[in-house]
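For reference, the chains in residue letters:
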Amino acid sequence: MIKKFLDLGYQPLANKYLKSCKKLSIKKKELYRLTVGFDTKTKLVSLFNKIPDRIMFDSNYPYKSSMSKTMTDSFKKLSVEIKKRFNPKLFLEIGSNDGALIKNFNRNQVICVEPCSNLAKITKGKGYITYNNYWDLNLSNKIKNKFNTVDVIYSANTLTHINDLNQVFKSISNLLTQDGILIIEDPSFLECIKKLSYDQFYNEHIYIFSALSVKKLLHEFDLELFDIEKLDTHGGSLRYFIKRINNNKFKIKNTVSKQISTELKFGLANFLTYKKFGISVKKSKNDLIKIFKKIKNKNKKIIGYGATAKATTILNYCNIGDSIIDYFVDTTPDKINRFMPGTKIKIKKYNQKLLDDVNYIYLGAWNFKDEIFKKEKKFIKSGGKFITHVPFPKII
Ligand code: JHZ
């Protein structure tokens, strides 16, 4: 039974940065109700309202993984680990985006799968075999016919974006060598609760995984966890290492039982924990609004930094518009001169000079706080302050 614990109101699609700030309509399906539930049986957290993938991931997907050094560094480190631990002859990435990870592998060693044609073009252009398709059983069979099986399948921040998880894992199992490895990484729900980062919920994040839910899910496909790594990326993620149950080549590390027992101790198996999270989110919203209003009453200038999908949830849930935030800055070409979804707040091309007359910066990309603080030493030195809602609304 799926029980609702969070209602974030009507929201626009998070990665649709429009050229004009027209009023969006519920009737035209430009706005949808963002409500989140907990399945008491499977322990899986999911959105009630699932937007078709063809609407979310099209030929103009703006997000590029290579836009942050934190991510490219993390992918580089991972590529070294994969080669050392698993030495794959053939490696497949589901959701290869602009190739931030696969660029660390040889061209004849990698298969990319990417549904957004603007992104698939990038890896294709660099000479990597790229399937511009959604991940499903048809594609898995197509690849199987050509390459037989794959030794390592990897997917970051993608499987949680696909509605039909049964098909996802069936298609993976279909293609994986008998002693092959699946590695997935996604934001951790435990970290989301601890950091009160309710902006992890937007249309693309159909699911937020916990180790508890992943373990249960895998069992249905004769797969199991054998290692878990904790990552700082995207506000706290987990990297799950998965094998077939009958593969004895890899021992199950105690990182798995440790993570699961931490989650159980925290109450992730109980609906009450989720209900309390929902109540804390309302308080977080009110406290954030108070901070913004107090600053604006003093006639100070606030801008946003990082036009993230996450910020869309915050702006629309907290009703923060262009009377509060003058504009956002971002480095992503496809977001520039567009509007934050559902608002009249424009996104400007990042240029450090833009920060000169700014008093406060709202951290849309709070997950890259360290990288941003390092870059914006001048702003901090001249008395500039940051605003964040993580783990609670405050000025830094
Ligand atoms: P970032 C996206 O979410 C969407 P978002 C997606 N659904 C998902 O799961 C995650 O990514 C992985 C900019 N920036 O990574 C770049 C600067 O301008 O938090 C990006 O637009 N300057 C696939 O959008 C944004 O911030 C900088 O110095 O929430 C970061 O977006 C840095 C560091 C970033 O993901």
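To be clear, the structure that these remarks concern was listed above.
(A) Molecular detail of the site of the ligand. Taken together, 25 residues surround the ligand, and among them E204, K310, D330, K335 and K375 come closest. Contact distances for the ligand include 2.8 Å between an oxygen atom and a side-chain N or O atom of D330. One of the side-chain N or O atoms of N367 is found 2.8 Å from an oxygen atom in the ligand. Looking at the shell around the ligand, the elements with two or more residues in it are α10 (309-317) and α11 (369-375). Looking at the shell around the ligand, its residues break down into 8 nonpolar, 11 polar and 6 charged.

(B) Examining the nonpolar core more closely. Core analysis: the largest hydrophobic core is formed by 92 residues, its most contacted members being F5, W135, F169 and F201. For this core, the element with the most residues is helix α9 (residues 271-297), which contributes 9 residues. Core analysis: the next-biggest nonpolar cluster, separate from the first, contains 37 residues, A100, I102, I303 and I361 among them.

(C) Local environment of the packing of helix α7 (residues 211-219) against helix α8 (residues 254-266). At a closest axis distance of 8 Å, the pairing of α7 and α8 adopts a crossing angle of 120°. What the angle tells us is that α7 and α8 run oblique. Residue-level inspection shows A211, L212 and K215 of α7 in contact with α8, the latter providing Q259, I260, E263 and L264.

(D) Highlighting the packing of helix α4 (residues 137-147) against helix α5 (residues 165-175). One can describe the packing of α4 onto α5 by two numbers: an axis separation of 9 Å at closest approach and a directional angle of 10°. Taken together, the axis directions place α4 and α5 in an arrangement best described as roughly parallel. For the pair α4 and α5, contact is made by L137, S140, N141, I143 and K144 and by Q167, K170, S171, N174 and L175, respectively. Tallied by class, residues from the contact of α4 with α5 come to 3 nonpolar, 5 polar and 2 charged.

(E) The pattern of salt bridges, seen in detail. One pass over the full model with this rule turns up 22 salt bridges. With a closest N to O distance of 4.0 Å, E191 and K194 form a salt bridge. Here E191 pairs with K194, and both are found in helix α6 (residues 189-194), just 3 residues apart, close to one helical turn.

Parameters and conventions
Going along each chain's sequence as written, the residues are numbered from 1 onward. Local features in this predicted model are restricted to residues of pLDDT 70 or higher, and side-chain atom pairs are both shown and tallied only at a pLDDT of 80 or more, whereas totals for entire chains, interfaces and linings draw on every residue. As a convention, hydrogens and water are excluded, and side-chain values are obtained from all of the structure's heavy atoms. A cutoff of 4 Å decides nearness: a residue is near a molecule or strand if any of its heavy atoms lies inside that distance of it. Polar contact criterion, stated in full: a pair of N or O atoms within 3.5 Å, where within protein one must be able to donate a hydrogen and the other to accept it, and residues adjacent in sequence count only if both atoms are side-chain atoms. Only DSSP runs of H or I covering at least 4 residues are called helices, and only runs of E covering at least 2 are called strands; the numbering of each starts at the N terminus. Just so you know the grouping, Ala, Val, Leu, Ile, Met, Phe, Trp, Tyr, Cys and Pro go in nonpolar, Asp, Glu, Lys and Arg go in charged, and all remaining residues, Gly too, go in polar. Here the nonpolar core consists of buried residues drawn from Ala, Val, Leu, Ile, Met, Phe, Trp, Tyr and Cys, with membership extended through side-chain atoms lying within 4.5 Å. Residue burial is assigned from relative accessible area. The probe radius is 1.4 Å, only protein chains are included, and a residue is buried under 20% of its type maximum, exposed over 50%, and partly exposed in between. Axis definition: a line fit to C-alpha positions, over the contact stretch in the case of helices; interaxial angles, taken between N-to-C directions, run 0 to 180 degrees. Angles are sorted into four bins: roughly parallel if under 35 degrees, roughly antiparallel if over 145, roughly perpendicular if 65 to 115, and oblique for all others. Two residues qualify as a contact provided that any one of their heavy atoms is within 4.5 Å of a heavy atom in the partner residue. Criterion for a salt bridge: a side-chain nitrogen of Lys or Arg within 4 Å of a carboxyl oxygen of Asp or Glu.

Taken by themselves, the reported measurements are silent on function.
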